[in-house]
Amino acid sequence: MEIKKELIDELLKGYQKPEDVIGENGLLKQLTKALLERAMNAELTSHLGYEKSDPAGYHSGNSRNGTTPKTLKGDFGELVIETPRDRNGSFEPQMVKKHQTRWDGFDDRIVSMYARGMTTREIQGHLQQMYGVEVSPALISDVTDAVMDEVKAWQNRPLEPLYAILYLDALYVKMRHEGRVENRAVYVSIGVDMDGRKDVLGLWTSGNEGAKFWLGVLTELKNRGVRDVLIACVDGLKGFPQAIESVFPEARIQLCIVHMVRASLNYVNWKERRQVAADLKLIYRAATERQAEQELTDFIARWGHKYQAIGRLWQQNWDRVIPFFEFPAEVRRVIYTTNAVESLHMSLRKIIKTRGSFPGEEAAMKLLYLALRNVIARWDTIQSWKEALNHFQILWGERIQAALNR
């Protein structure tokens, strides 16, 4: 709609400073109030079927019945508008609905600030400073609590029948449970579909990370539609591979190299950590499995007298370390590490670090979900995915077709 220049000139007559337009009682706020009230009166006229003071309304069975003041909160601050009423109470305004106290988009701003880790007090202060709007902690809680229905739907949504890669890991979050604050494991599952797109398949909480709980998580994924997983990237948790294979028996298990290195360096004093890490890199950066075995032998010869536990750790897990050697270098980076999970965890920790602890599991899941939503929106297709997909087709073409066509 084009607004006539003459009308704008009339409205701006006497303009001296920005506050005259955008201030607390400026032109924009007055215009908003006038337009809202005018629109709602037009809606009431349409509802009744006659104009105000029109004789056609006599004995019509319904009529205007004054107005009710309503305070709206929004980016413009607080605005008191007069909402028209009808005598029968059947009028339902659409411009500003009954019981509506916040302008469209205002709730989204609260949720957006909450998703970025701002506390209730910080959100209150920001809205007061930026818009001159006072909101109660109860209002912020009500707005963010409404997200839980979305969380439940997301957690139970159907999944793809096949994921080329499944990353599984857990992070620890302080939350109140059964009357006391404790570190509880939040299980995270990231799936990479056949188009190379990453997605978080779900979040689950438990007192600690264990293979038995992971078995329940994997069973849930299967019940939600996952028929097969080509490669599962996991940490060195005892019993984890067996839990995966009991649900997805053909899945290839790949231990996370980041976790292996981290576990190895736990045995090393600070002065030698850099050198030991460099020597371990020679193992997992080897060109072939045979060369990697030779590098492990050399590592044990060099450090075995001092750090025998590291050599045993790699030897005991060797069958789960080497699957990525079947692929060329550009594909290995996609599958041999849970960097995808580590990066996600880093993003989540930035959000939750402002909270000493959460009052309960639901509060933690609400914030983690909102944070996830922001992170996932920035994810791109995995690099070198076409090369990886070609190798997957050569190795497991029949499995892929079977899962997709089942």
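The structure displayed is predicted, hence computed values, not measured ones.

Draft legend 1. Structural view of the overall build of the chain. When helices and strands are tallied, the chain shows 18 helices and seven strands. Whereas a compact globule of 406 residues would reach a radius of gyration of roughly 22 Å, the chain reaches 30 Å, over 25% beyond that. C-alpha extents for the chain along the principal axes are approximately 100 × 55 × 50 Å. Expressed as a percentage of its 406 residues, the buried residues of the chain come to 46%. Contacts spanning at least 24 positions in sequence make up 64% of the contacts within the chain whose residues lie at least 6 apart.

Draft legend 2. Representation of the environment of glycine 210. Along the chain, glycine 210 turns up in the loop between β5 (198-206) and α8 (211-223). Glycine 210 sits in the buried class, given a relative accessible area of 16%. The spacing of glycine 210 and tyrosine 187 is 23 residues in sequence and 10.0 Å in space, taken between C-alpha atoms. Those residues in contact with glycine 210, other than ones at most four positions away along the chain, are Tyr187 and Leu237.

Draft legend 3. Representation of the pattern of salt bridges in the model. Counted under the stated rule, the structure contains 14 salt bridges. Ionic pairing is found between glutamate 182 and arginine 184, a salt bridge with its closest N-O pair at 2.9 Å. Residue classification places arginine 184 among the buried residues on the basis of a relative accessible area of 7%. For aspartate 279, the salt bridge goes to arginine 302, with nearest N and O atoms at 3.2 Å. Here aspartate 279, found in helix α11 (residues 273-284), pairs with arginine 302, found in helix α12 (residues 289-303); they are 23 residues apart in sequence, far enough to count as distant. Since its relative accessible area comes to 39%, arginine 302 is described here as partly exposed. One salt-bridge network, in which partners are shared between bridges, spans Arg180, Glu182 and Arg184.

Draft legend 4. Fine view of the nonpolar core. The biggest cluster of nonpolar side chains holds 97 residues, and the ones touching the most others in it are Trp314, Trp385 and Phe392. Discounting residues that sit within four places of it in the chain, tryptophan 314 has contacts with Met260, Val261, Ser264, Leu280, Ile283, Tyr284, Leu296 and Val321. Ile110, Ile123, Leu127 and Val135 belong to the second-largest nonpolar core, a separate cluster that totals seven residues.

Draft legend 5. Quick peek at the side chain of glutamine 155. Tracing the backbone through its elements, the reader meets glutamine 155 in helix α7 (residues 147-155). With a relative accessible area of 12%, glutamine 155 lands in the buried category. With residues near it in sequence (within four places) discarded, glutamine 155 still touches Gly202, Leu203, Trp204, Glu220 and Arg224.

Draft legend 6. Quick peek at helix α3 (residues 27-48). Between its first and last C-alpha atoms α3 spans 31 Å; for 22 residues at 1.5 Å apiece the expected length is 32 Å, and the two agree. Within α3, burial applies to Leu27, Lys29, Leu36, Glu37, Met40, Leu44, Thr45 and Leu48. Phi turns positive, to about 95°, at glycine 49, one or two residues after α3.

Draft legend 7. Fine view of the packing of α12 against helix α13 (residues 308-316). Where α12 meets α13, the closest approach of the two axes is 9 Å, and the angle between their N-to-C directions is 160°. As the angle between them shows, α12 and α13 are arranged roughly antiparallel. For the element pair α12 and α13, the recorded crossing hand is left-handed. Between α12, through Leu296, Phe299 and Ile300, and α13, the contact on the second element is made entirely by Ile310, Gly311, Trp314 and Gln315. Its residues assigned to classes, the contact of α12 with α13 comprises five nonpolar, two polar and no charged.

Draft legend 8. Region of the structure containing a nonpolar patch on the surface. A cluster of nonpolar side chains, contributed by Ile8, Leu12 and Tyr15, occupies part of the molecular surface with about 260 Å² of accessible area. With respect to the secondary-structure elements, isoleucine 8 resides in helix α1 (residues 5-11).

Reading the values: the criteria
Residues numbered from 1 in each chain as written. Predicted model: local features only at pLDDT ≥ 70, side-chain atom pairs only at ≥ 80, totals over all residues. Heavy atoms only, no water. Helix = DSSP H or I, 4+ residues; strand = E, 2+ residues; numbered from the N terminus. Rg over C-alpha atoms; globule rule 2.2 N^0.38 Å. Buried < 20%, exposed > 50% of the residue type's maximum accessible area, 1.4 Å probe, protein only. Contact = heavy atoms within 4.5 Å. Salt bridge = Lys/Arg side-chain N within 4 Å of Asp/Glu carboxyl O. Core = buried A, V, L, I, M, F, W, Y, C linked by side-chain atoms within 4.5 Å. Expected span 1.5 Å × (residues − 1). Axes fitted to C-alpha atoms, helices over the stretch in contact; angles between N-to-C directions. Parallel < 35°, antiparallel > 145°, perpendicular 65-115°, else oblique. Left-handed = near helix turned anticlockwise from the far one by under 90°. Nonpolar A, V, L, I, M, F, W, Y, C, P; charged D, E, K, R; others polar. Patch = residues over 30% accessible without salt bridge, like charges linked within 9 Å, V, L, I, M, F, W, Y side chains within 5 Å. Areas by Shrake-Rupley, 256 points an atom, 1.4 Å probe, with all protein chains shown as cover.

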